[in-house]
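Structural features, examined
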Amino acid sequence: MPVPVPPELITFIREGKSFVVTGHKEPDGDCVGSQLALTALLRRMGKTALACSAGPFKRSEIKPLEKRFAPWPEEQEGLRLIVVDCSARERVGDLPVEGFPTAVVDHHVPGDSWGEAIYLDPAAPSVTFMVLRIFEELGMEPSAEEAELLLFGLCTDTGFFRHIEGGAPEAFRAAAKLNAAGASPKRVYAAINGEKTLNSRLLMGAILAKTRPFYGGRLLLSGETLEETRQFGLESRDSDTIYQLLLSIGGVEAIALIRQENPSECTIGFRSRDRIDVAAIARNFGGGGHKNASGAKVPGTIDDLEEQLVEAFAPWF
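The rules behind the values
Residues numbered from 1 in each chain as written. Predicted model: local features only at pLDDT ≥ 70, side-chain atom pairs only at ≥ 80, totals over all residues. Heavy atoms only, no water. Pairing = 2+ DSSP bridges. Helix = DSSP H or I, 4+ residues; strand = E, 2+ residues; numbered from the N terminus. Axes fitted to C-alpha atoms, helices over the stretch in contact; angles between N-to-C directions. Contact = heavy atoms within 4.5 Å. Core = buried A, V, L, I, M, F, W, Y, C linked by side-chain atoms within 4.5 Å. Buried < 20%, exposed > 50% of the residue type's maximum accessible area, 1.4 Å probe, protein only. Salt bridge = Lys/Arg side-chain N within 4 Å of Asp/Glu carboxyl O. Parallel < 35°, antiparallel > 145°, perpendicular 65-115°, else oblique. Left-handed = near helix turned anticlockwise from the far one by under 90°. Nonpolar A, V, L, I, M, F, W, Y, C, P; charged D, E, K, R; others polar.

**A look at the sheet that holds strand S3 (residues 79-84)**
Reading across from one edge, S2-S1-S3-S4-S5 is the order of the 5 strands in this open sheet, with parallel pairing throughout. With one partner strand each, in any of the chains shown, strand S2 (48-51) and strand S5 (117-120) form the two edges of the open sheet. Neighbour-to-neighbour, the strand axes of the sheet open up by a mean angle of 15°, direction not taken into account. Helix H1 (residues 7-15) rests against strand S1 (18-22), S3, strand S4 (102-106) and S5 of the sheet, and its axis sits at about 140° to S3. Set on the sheet, helix H2 (residues 29-44) makes contact with S1, S2 and S3; between it and S2 the angle comes to about 165°.

This is the structure in structure tokens:
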């Protein structure tokens, strides 16, 4: 069952007058959908509210929403902070978040959650699902625009419901409610999966072509070099499709994708089908996330990290 919205969060919202709603750096659809829908809700309640993000907005599906984010406000008297989709302080990025009354709304395994009000539900299918429950607890119904933002996040984090097991009807009830409020699954699908560039497909081909199997093909490992980033561009990344394609291969249980972000640092994306807890593996590299979808940012190069990654998966095979 979903975790109830904590009364202290409702009090935090009702008593505040001025808010910044932020989330993790390098945001995804669930993060930006949660921020923008919650900001809209606060404004409808007569509050002053801004959505702020450290960015960058790398994903093509959220690029059109970047213009709706504001700089950090100059007027900070009485300001309250709501952090969504991010329970670890360092994941907020370089925003000046210290020193404000803070609430956290998140569905990741706890990091170092801080603040006066914490709404944490690791079983929630998305943070937008949790934001919808905040709407309901406050006696508010989402507008058509707000509902579409909430559905956008729900579909992002569930892979359009591909990742939901049996006996979990809450996400579908939420989707039905959002659809009744005016959200269009057709538009959301087009926003998430459409308007890709040719370069995005060429980069995907390059990454797929050098994928290597380990542990009898149960683990697949690949990467993106700085040269490939320069050739195809940051906006050509389509990680979700790559993960989906690789996980569709028979016998594959987990994937690790290493990207060289700069000469001395990499990001690692982890995905798994069922039994392998990639969040536990990601924590070994200073990251985290969900059981079947996690990530980490690590010093080093692709060559440095490949052997470490293969060894990290050894206990699972």
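Text resumes after the structure shown.
**Let's talk about unusual backbone geometry**
A negative phi angle is the norm for most residues apart from glycine, just as the trans form is the norm for most peptide bonds. Cis rather than trans, the peptide bond between Gly 55 and Pro 56 has omega equal to -15°. Even without being glycine, Asp 85 reaches a positive phi, approximately 60°. The residue Asp 85 is located in the loop between S3 and S4 in this model.

**What about the nonpolar core?**
If you look at the biggest cluster of nonpolar residues, it comprises 50 residues, and the most contacted ones within it are Leu 9, Ile 82, Val 105, Ile 134, Leu 151 and Leu 154. For Leu 9, the residues in contact, after removing those within four places along its chain, are Ala 103, Val 105, Ala 117, Tyr 119 and Ile 134. Among the nonpolar cores identified, the runner-up in size contains 21 residues, and Ile 258, Phe 285, Ile 302 and Leu 309 belong to it.

**Focus: the pattern of salt bridges**
A side chain of one charge can pair with a side chain of the opposite charge if their charged atoms are brought near each other. One pass over the structure, following the stated rule, counts 19 salt bridges. Close ionic contact of Arg 59 with Asp 240 constitutes a salt bridge, the shortest N to O distance being 3.7 Å. Taken together, the positions of Arg 59 in the loop between S2 and S3 and Asp 240 in helix H9 (residues 239-247) put the pair 181 residues apart, joining distant regions of the chain. For Arg 59, a relative accessible area of 29% translates into the label partly exposed. Classification of Asp 240 by relative accessible area gives partly exposed; the value is 32%.

**What to know about the pairing of strand S11 (residues 293-299)**
Side chains Ser 294, Ala 296 and Val 298 of S11 all project onto a buried face; the interleaved residues Ala 293, Gly 295, Lys 297 and Pro 299 project onto a face where none is buried. In the sheet, strand S9 (residues 265-272) pairs with S11 via 7 bridges, with the strands oriented antiparallel. Bridge pairing links Glu 265 to Pro 299 in S11. Where strand S10 (residues 288-289) lies against S11, 2 bridges are found, and the strand directions are antiparallel. Across the sheet, the residue bridging to Gly 288 is Gly 295, located in S11.

**Quick look at the sheet that holds strand S8 (residues 254-262)**
Across the sheet, 6 strands lie side by side as S6-S7-S8-S9-S11-S10; this open sheet has mixed pairing. The sheet is open, and its two borders are formed by strand S6 (212-214) and S10, each paired with just one other strand. Strand contacts of helix H11 (residues 302-313): S6, strand S7 (219-224), S8, S9 and S11, with the helix running at about 155° to S8, the strand carrying the most contacts.

**Considerations on the packing of helix H4 (residues 144-158) against helix H6 (residues 185-193)**
Running from N to C, H4 and H6 cross one another at 55°; their axes reach a closest spacing of 10 Å. Judged by the angle between their axes, H4 and H6 are oblique. Here H4 runs over H6; the crossing is right-handed. Of H6, the residues touching H4 (which contributes Glu 148, Leu 151, Phe 152, Cys 155 and Thr 156) are Pro 185, Arg 187, Val 188, Ala 191 and Ile 192. Partitioning the contact of H4 with H6 into residue classes produces 7 nonpolar, 1 polar and 2 charged.

**Points about the environment of Glu 170**
As for its placement among the helices and strands, Glu 170 is situated in helix H5 (residues 170-180). For Glu 170, the contacting residues outside a window of four places in its chain are Met 1, Pro 2 and Phe 129.

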